[in-house]
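# Commentary on secondary and tertiary structure
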Amino acid sequence: MARDGKLGAQLGGEIARRKFIGGVAAVGGVMFIPAGLVRGTAANSAVRVGLLGCGGRGTEDATNLVETGGARVVALADMFQDQLDVARAAFDKMQAAKGYAAIDGAQLFVGPKAYEQIAHSKDVDAIVVASPPYFHPEHLEAVIAAGKHVYLEKPVAVDVPGAKKVVEIGKRAEGKVSLDVGFQIRDCPPFVELVKRIHGGALGNIVCGEAHYLSGYLDRPKWEKASPTERRLRNWVYDRVLSGDIIVEQNIHVIDICNWVLKAHPVKCAGTGGRSGRPADGDVYGNYNVVFTYPDGVDVTFSSTQFAKGWWDVTERFFGTKGTSQSPYSGPLGIWGDDPWQTPLTPAKDEQGFSATGKFTSNLEFADAEKKKAFVESIISGNFHNQAAKGAESALSCMMARAAAYTGREVTWEEQMKSQEEWDSKIDLNKLG
């Protein structure tokens, strides 16, 4: 993926001139010491990042942070040694080119307590949490309690109690550390401009919308020699409880954009779905079809697949009294009608790889670069982000649709928010055999 090298260089220069990182923050009784107060060289002035969850998406997130010029990876944590080894080799090679030292062996943490160990590392300023979504509330709580900035991958949780817990953790973090959630499209220039124009009235009154996330199958290794429990953890995208199902784990990006455009969450929804078309790979659904009703009676139809062959497309469209908007990952993006505007068309380099690897091109080419630049800058400036509540709102919107599809009946926001059902993985991380 092409990178915004100029922005990264500018940010790196700014960091080199700074004498401090953020402000002193105390969270959960633990003091956060600004890194720049104890480190002086230009290389060491970069935000020190720990990666919790060394799979593809987490590695991409941490790589993006390094590429801003304002961060370096200094610690890794994972349940599995092989994943950690691969990530260590990749970061050591990449960071050697920037003049950074190899990752210290003392900053490598493996096993069920790895998340606590990396959270309490004194050599880490910020942590990327990219573990399976089921563990996100627990891992987020440990990181915030340790006084670290956090980049939390979506979804923030897989059930309603978990999402509510994240909101409460966010309140404890407010003004003390930066807490970002992995909705990089909200920082992507074409989408930012589009939504700005919609909010400025370019569509007039929005009447209805439609969105879809049509994806191919996510092909994962079989791990034939692994135990059933280990296989579940390694291939968590196939596991309903560990991932939240495809509508919460993958399709959430589209529903988050709908919430962003409409400045609200849906008040109710009805939906269907099922596993038809998928291999025998776990228990997540292969398709969803949902009608969301937003305030003022705005209905948005949504559909998704995660098995389709030969087709890939992610798009949102909104229809208003003055015009129509369209915002695909790849293809014409803009507004048509009384107040037209379109972004220059950039072809996608790897459409099928978008959802699987996070290596975005076309309309999302600068999404990750801008998101990570904003995160690093929030730490440096002390203008801390707190995206816990918005992250939870989008996760809850998806959970409501999931409940509607599972039960075959309409589900309201009020009904869902009363749910006390806590999903249980029935996994003992100390017994993976």
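Just above, that's the structure.
Residues numbered from 1 in each chain as written. Predicted model: local features only at pLDDT ≥ 70, side-chain atom pairs only at ≥ 80, totals over all residues. Heavy atoms only, no water.

## Points about unusual backbone geometry
Residues apart from glycine generally show negative phi values, whereas peptide bonds are mostly found in trans. Operational definition: Helix and strand definitions follow DSSP, with helices as H or I runs of at least four residues and strands as E runs of at least two, each counted in order from the N terminus.
With omega at -10°, the peptide bond leading from K154 into P155 counts as cis. Structurally, P155 can be placed in the loop between strand 7 (149-152) and helix 6 (160-173). Unlike most non-glycine residues, W223 shows phi in positive territory, near 50°. Note on placement: W223 falls in the loop between strand 9 (206-215) and helix 8 (228-234).

## Here we look at the pattern of salt bridges
Stated precisely, the cut-off is as follows: Any Lys or Arg side-chain nitrogen located within 4 Å of an Asp or Glu carboxyl oxygen qualifies as a salt bridge. Under the scheme applied here, a residue whose accessible area is under 20% of the maximum for its type counts as buried, over 50% as exposed, and between as partly exposed, the area being computed with a 1.4 Å probe on protein chains only.
Taken as a whole, this structure holds 25 salt bridges when the rule is applied. Where R409 meets E415, a salt bridge forms, and the shortest distance between an N and an O atom there is 2.7 Å. For R409, a relative accessible area of 42% translates into the label partly exposed. One network of salt bridges, in which partners are shared, links R57, D61, E153, D368 and K372.

## Remarks on helix 5 (residues 136-145)
Among the 10 residues that make up helix 5, 7 are buried, leaving the element largely enclosed by the rest of the structure. Taken as a whole, helix 5 has its buried residues at H136, P137, H139, L140, A142, V143 and I144. Looking one or two residues past helix 5, G147 carries a phi angle of roughly 80°, positive in sign.

## Details of the pairing of strand 7
Looking along a regular strand, one sees the side chains alternate between the two faces of the sheet. Selection criterion: Strands are labelled as partners when DSSP assigns at least two bridges between them. Looking down the strands as they point away from the viewer, one classifies a crossover as right-handed if the path from the first strand across the helix to the second runs clockwise.
Residues H149 and Y151 line one face of strand 7 and the alternating positions V150 and L152 line the opposite face, and both faces are buried. With 4 bridges joining them, strand 6 (residues 126-129) and strand 7 adopt parallel strand pairing. Paired with I127 across the two strands is V150, which belongs to strand 7. Handedness of the β-α-β unit built from strand 6, helix 5 and strand 7 comes out right-handed. Of the strand pairs in this sheet, strand 7 and strand 8 (residues 179-181) are connected by 3 bridges, and their pairing is parallel. Residue pairing in the sheet places L152 in a bridge with V181 of strand 8.

## Side note on the sheet that holds strand 11 (residues 287-294)
Defined as follows: Contacts are assigned to residue pairs that have any heavy atoms within 4.5 Å of one another. Where helices are involved, their axes are fitted lines through C-alpha atoms of the stretch in contact, as for all axes, and angles between N-to-C directions lie from 0 to 180°.
Taken together, 9 strands build an open sheet; the order of strands is 16-15-14-13-9-12-11-10-17 and the sheet is mixed. For this open sheet the edge positions go to strand 16 (341-342) and strand 17 (411-412), each flanked by a neighbour on one side alone. Bridging between strand 14 (residues 323-326) and strand 15 (residues 334-337) involves 4 bridges; their strand directions are antiparallel. Residue pairing across strands places Q326 opposite G334, the latter belonging to strand 15. On top of the sheet, helix 11 (residues 252-262) reaches strand 9, strand 11, strand 12 (298-306) and strand 13 (313-320); it is set at about 20° to strand 13, its chief contact.

## Focus: the environment of V156
You can see V156 is positioned in the loop between strand 7 and helix 6. When the C-alpha positions of V156 and V181 are compared, they lie 7.6 Å apart, and in sequence the two are 25 residues distant. Sequence-distant contacts of V156, defined by excluding residues within four places in its chain, comprise H136, P137, V166, V181, G391, A392 and A395.

## Some words on helix 6
Turn by turn, an α-helix covers 3.6 residues, leaving residues three or four places apart pointing in a common direction. This is how the line gets drawn: Expected span, for any helix, means 1.5 Å times one less than how many residues it has. Nitrogen and oxygen atoms within 3.5 Å of one another constitute a polar contact, given that in protein one can donate a hydrogen and the other can accept it, and given that sequence-neighbouring residues count only through two side-chain atoms.
Taking 1.5 Å per residue as the helical rise, helix 6 with its 14 residues ought to reach 20 Å, and the 20 Å between its terminal C-alpha atoms agrees with that figure. When we look at burial in helix 6, the residues that qualify are V160, P161, G162, A163, V166, I169, G170 and A173. Packing partners of the buried residues in helix 6 comprise helix 5, strand 8, helix 14 (388-407) and helix 15 (413-417). The N-terminus of helix 6 is capped by D159, whose side-chain oxygen sits 2.7 Å from the backbone nitrogen of G162. Positioned one or two residues after helix 6, G175 has a phi angle of 75°, which is positive.

## Some details on the packing of aromatic side chains
Which entries qualify depends on this criterion: Note on ring pairs: Phe, Tyr and Trp rings are taken, using the six-membered ring of Trp, and paired if centres are within 6.5 Å. Classes follow the plane angle, with under 30 degrees stacked, over 60 edge-to-face and the rest tilted. We count a charge as sitting over a ring when the NZ of a lysine or the CZ of an arginine lies within 6 Å of the ring centre and within 35 degrees of the ring normal.
A full pass over the atoms with the stated rule returns 9 aromatic pairs. Ring plane angle 45° and centroid distance 5.9 Å describe the contact between W312 and Y329, whose orientation is recorded as tilted. With W312 in the loop between strand 12 and strand 13 and Y329 in the loop between strand 14 and strand 15, the pair connects residues that are 17 residues apart, well separated along the chain. Residue Y329 is classed as buried on the basis of its relative accessible area, which comes to 1%. An aromatic cluster is present here, built from Y213, W312 and Y329 joined pairwise through their rings. Positioned over the ring face of F80 is R234, at 4.0 Å from the centre of the ring. The ring of W223 has R234 sitting right over it, with the charged end atom 4.2 Å from the ring centre.

## Here we look at the nonpolar core
For the record, the criterion: Only buried residues count toward a nonpolar core. Its members are Ala, Val, Leu, Ile, Met, Phe, Trp, Tyr and Cys residues joined through side-chain atoms within 4.5 Å.
Ranked by size, the top nonpolar core spans 84 residues in total, and within it F292, Y294 and F302 carry the most contacts. Examining the composition of this core, we find that 10 residues originate from one element, helix 14, more than from any other. For F302, the residues in contact, after removing those within four places along its chain, are A211, H212, Y213, I247, N251, V254, Y288, N289, V290 and F292. With 23 residues, the next largest nonpolar core counts A71, L84, L108 and V128 among its residues.

## With respect to the environment of D187
By the secondary structure assignment, D187 is in the loop between strand 8 and helix 7 (189-199). On the accessibility criterion, D187 (24% relative accessible area) is partly exposed. Those residues in contact with D187 that sit more than four places away from it in its chain are V192, E370, K371 and A374.

In short, shape yes, function no, at least from these values alone.
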